[in-house]
Amino acid sequence: MPIVDITNEADLSRYEHFVRTSPFATTTQDTGWSEVKNNWIPLYVYLEEAGEIIAAMSVLMVNAVGEQKLAYCCKGPVCDPRDTALVDRLIQEAEAAARDHQAFVLRIDPETAYDEELHKQYAELGYVLRNRNVSSKDTTQPRYNMVLDLLGKTEQELLESFHSKTRYNIRLSERKGVTTRYSAETSDLELFHQLYVVMSNRHGISYRPYNYFARMLEAYKDYTRVYLAEHEGDTIAAAVAISYGDKTWYIYGASANEKRNLMAPHLLQWEMIKWAVEQGKQRYDFGGVFKLDQSDGLYRFKEGFCYPDRYSEYMGEIDRVLDEEAYRTFISK
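Being a predicted model, the structure only gives us computed values, none of them experimental.

Conventions and cut-offs
Residues numbered from 1 in each chain as written. Predicted model: local features only at pLDDT ≥ 70, side-chain atom pairs only at ≥ 80, totals over all residues. Heavy atoms only, no water. Helix = DSSP H or I, 4+ residues; strand = E, 2+ residues; numbered from the N terminus. Rg over C-alpha atoms; globule rule 2.2 N^0.38 Å. Buried < 20%, exposed > 50% of the residue type's maximum accessible area, 1.4 Å probe, protein only. Salt bridge = Lys/Arg side-chain N within 4 Å of Asp/Glu carboxyl O. Pairing = 2+ DSSP bridges. Axes fitted to C-alpha atoms, helices over the stretch in contact; angles between N-to-C directions. Contact = heavy atoms within 4.5 Å. 1 Å grid on protein atoms, 1.4 Å probe; cavity = no way out; pocket = protein on both sides within 12 Å on 5 of 7 lines; lining within 4 Å. Points joined across faces, edges and corners; volume = space filled by probe spheres on them. Nonpolar A, V, L, I, M, F, W, Y, C, P; charged D, E, K, R; others polar. Left-handed = near helix turned anticlockwise from the far one by under 90°. Arc of directions from axis to C-beta. Polar contact = N/O pair within 3.5 Å; in protein donor to acceptor, adjacent residues only side chain to side chain.

K.L.:
Please set out the overall build of the protein residue by residue, giving values where relevant.
P.N.:
For the protein, the helix and strand inventory stands at eleven helices and 13 strands. In terms of overall dimensions, the protein is globule-like: its C-alpha atoms have a radius of gyration of 21 Å, near the 20 Å expected for 333 residues. Each principal axis of the C-alpha atoms in the protein carries an extent, and together these give about 60 × 40 × 40 Å. A burial count over the protein gives 54% of its 333 residues as buried.

K.L.:
How would you explain the pattern of salt bridges if you had to name every residue and give the values?
P.N.:
Once the charged atoms of two side chains with opposite charge are near each other, the side chains can pair. Applying the stated criterion across every chain yields a total of 26 salt bridges. Close ionic contact of Asp115 with Arg82 constitutes a salt bridge, the shortest N to O distance being 3.7 Å. You can see Asp115 sitting in the loop between strand E4 (103-108) and helix H4 (116-124) and its partner Arg82 sitting in the loop between strand E3 (68-73) and helix H3 (84-100), a full 33 residues away along the chain. Among the salt bridges present, the one from Asp188 reaches Arg181, with a minimum N-O distance of 2.9 Å. Since its relative accessible area comes to 32%, Arg181 is described here as partly exposed. Salt bridges sharing common partners tie together Lys75, Glu111, Asp246, Lys247, Arg283 and Asp285.

K.L.:
Residues and numbers for the sheet that holds strand E5 (residues 128-130), please.
P.N.:
Within the open sheet, the six strands sit side by side as E1-E2-E3-E4-E13-E5. Their pairing is mixed. Each end of this open sheet is capped by a strand with a single partner; those strands are strand E1 (41-49) and E5. Geometrically, the sheet is characterised by an average inter-axis angle of 25° between neighbouring strands, direction not taken into account. Both E1 and strand E2 (residues 52-65) contribute to a ladder of nine bridges, which runs antiparallel. What sits directly across from Pro42, in E2, is Leu60. Sitting on the sheet, helix H1 (residues 9-21) touches E1 and E2, and the angle it makes with E2 is about 100°.

K.L.:
Explain unusual backbone geometry residue by residue, including any values.
P.N.:
A cis amide bond links Gly76 with the next residue in sequence, Pro77, at an omega value of 10°. Within the element layout of this structure, Pro77 appears in the loop between E3 and H3. For Glu232, which is not glycine, the phi torsion reads 50° and is therefore positive. Inspection of the secondary structure puts Glu232 in the loop between strand E8 (224-231) and strand E9 (234-244). At Lys259, a position not held by glycine, the phi torsion is positive, near 60°. One can find Lys259 in the loop between strand E10 (247-255) and helix H9 (264-278).

K.L.:
Mind laying out empty space enclosed by the protein, listing which residues take part and the relevant values?
P.N.:
Summed over all chains, the structure comprises two cavities of 30 Å³ or more. Space inside the largest cavity adds up to approximately 80 Å³. If you trace the largest cavity, you find it lined by Lys75, Asp109, Pro110, Glu111, Thr139, Gln141, Pro142, Arg143, Tyr314, Gly316 and Glu317. Classifying every residue of the lining of the largest cavity gives three nonpolar, three polar and five charged. Put simply, the second largest cavity is a space of about 30 Å³.

K.L.:
Tell me about the packing of helix H7 (residues 186-203) against helix H8 (residues 210-219), residues and numbers included.
P.N.:
Across the interface, H7 lies against H8 with an axial gap of 10 Å and an inter-helix angle of 140°. By crossing handedness, the relation of H7 to H8 is classed as right-handed. Residues Thr186, Leu189, Glu190, Phe192, His193 and Tyr196 of H7 touch H8, and the partners they reach there are Tyr210, Phe213, Ala214 and Leu217. Split by residue class, the contact of H7 with H8 holds seven nonpolar, two polar and one charged.

K.L.:
Please set out H4 residue by residue, giving values where relevant.
P.N.:
Within H4, burial applies to Leu118, His119 and Tyr122. All buried residues of H4 fall inside an arc of 105° around its axis, so they share one side. Away from its buried face, by an angle of more than 90 degrees, H4 presents the exposed residues Glu116 and Glu124. The inward-facing, buried residues of H4 contact H3, E5 and strand E13 (317-321). Taking the backbone nitrogen of Glu117 as reference, a side-chain oxygen 2.9 Å away marks Asp115 as the first, capping residue of H4. Taken from the residues just after H4, Gly126 is the one with a positive phi, measuring 100°.

Right, here's the structure in full:
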């Protein structure tokens, strides 16, 4: 069975090389994601032909219904999700190992556009799909992602594509003397986290501990930048971005309570987009939104950069149910 022995350095290195160089590479399918999510159990599965890996899935498992586990292939698998026969073969290879770990479902949620015909093909193979048939807040990851297409576009063309208010805010921030810098230093990650806690408290939402981000920086040190916006000696905004595969992913942002009128988060986004362009990335991913509503500040902020395309709608969750009773309990929570 093509399950990676994580104690075998050569086996793991071969798997990692495929995952990182595939045209379907995503940050959360890298083995480094298990270092970030260190309370989950990793399972790495692949298919090969003629001695070459042709498909892979990095699965993380965690107790979700008593001792029974959710086996989750986040933003994967690493192959063409439209090749349903190949994906089905890969999932069948993973099933036995998932059952050994008491998994009640094996879930994938590939970053591919929603398509009714593709939905039908997976359903005919026996999968349970969760997309337009459930609330936008009922999936693990948002199905609506704000993704800026960078392919073949210059910085000037991208800037001109933004909503006029977004362009204005970027220029205002520059005129008011906001400067930006980036690093991969823990001292700057600490500054980011301080602002992240401040912003979370301002909005009354929970936040991740510093060690979560420290693990991320360590696991993706060759791919990650911490961006900081400063004004007259004050750090007023910060963000973390990971450049991996064909895209740069804005993964977390934060801002101070003071000087919010200087629009520093807009300038930070522009600097990170320019980083993506410099690297020849095809996409800049602002992350997801759970509702498409102008009254929602997060949506309004991201939409200004993705204007006029606005959002991408993904396929959602594709579940291989292994224990029907536990699965029903899980999705009804």
